[in-house]
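Next come the chains, spelled out residue by residue.
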Amino acid sequence: MDKIEMLKDKGFSKDLNEVMQFPSEGIFSTVLAKSDTYNYTLMCLAKGTDIDTHTSAKNGVVQVLQGKGTFKLFDRDIEMKPGMFIFMPADAPHSLQAEEDTAILLCLTL
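Residues numbered from 1 in each chain as written. Predicted model: local features only at pLDDT ≥ 70, side-chain atom pairs only at ≥ 80, totals over all residues. Heavy atoms only, no water.

### Some points on the sheet that holds strand β5 (residues 69-73)
Right, so step 1: One open sheet holds the four strands; their spatial order is β3-β8-β5-β6, and the pairing between them is antiparallel. Two strands bound the open sheet, and with one partner strand each, they are β3 (50-54) and β6 (76-80). Sheet twist, expressed as the average angle between the axes of neighbouring strands with direction ignored, equals 15 degrees.
Right, so step 2: Bridging between β3 and strand β8 (residues 94-98) involves three bridges; their strand directions are antiparallel. (Pairing = 2+ DSSP bridges. Helix = DSSP H or I, 4+ residues; strand = E, 2+ residues; numbered from the N terminus. Axes fitted to C-alpha atoms, helices over the stretch in contact; angles between N-to-C directions.)

Quick look at the structure:
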């Protein structure tokens, strides 16, 4: 049993501001909590990073913590800014572009 699995039964907290790391290019990601039914991942995208259109078999939520960019859900452009909450149903095509260093919390659930 890994550390994440051990902690999920007892609960835990993390200051995401301390965990954020912005690479000079690309994406830094770290799994915060995971089980068979959920996955919570902190993703830090360097300015100019694009994630091409893809889908997920799970429902998803993106919560923007820091930065700015554009999130495309189906054919709709959504402004990414701190505090933005984006819900994606399973199998929804989506993509994003970070206009500046951007941190998001990605939550996937069944």
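Now that the structure is up, let's keep going.
### Brief notes about the environment of L65
Right, so step 1: With respect to the helices and strands, L65 occurs in strand β4 (residues 59-66).
Right, so step 2: Overall, L65 belongs to the partly exposed group, its relative accessible area being 27%.
Right, so step 3: In this structure the C-alpha to C-alpha distance between L65 and L42, which are 23 residues apart in sequence, comes to 9.5 Å.
Right, so step 4: Not counting the four nearest positions on each side in its chain, L65 is found in contact with L16, M20, L42, P82, A103, I104 and L105. (Buried < 20%, exposed > 50% of the residue type's maximum accessible area, 1.4 Å probe, protein only. Contact = heavy atoms within 4.5 Å.)

### A closer look at the packing of aromatic side chains
For any pair of aromatic rings, the description consists of the separation of the ring centres together with the inter-plane angle of the planes.
Right, so step 1: Taken as a whole and judged by the stated rule, the model has one aromatic pair.
Right, so step 2: Ring centres 5.4 Å apart and planes at 55 degrees place the aromatic pair Y38 and Y40 in the tilted group.
Right, so step 3: A relative accessible area of 30% means that Y40 is categorised as partly exposed. (Phe/Tyr/Trp six-rings, centres within 6.5 Å; stacked < 30°, edge-to-face > 60°.)

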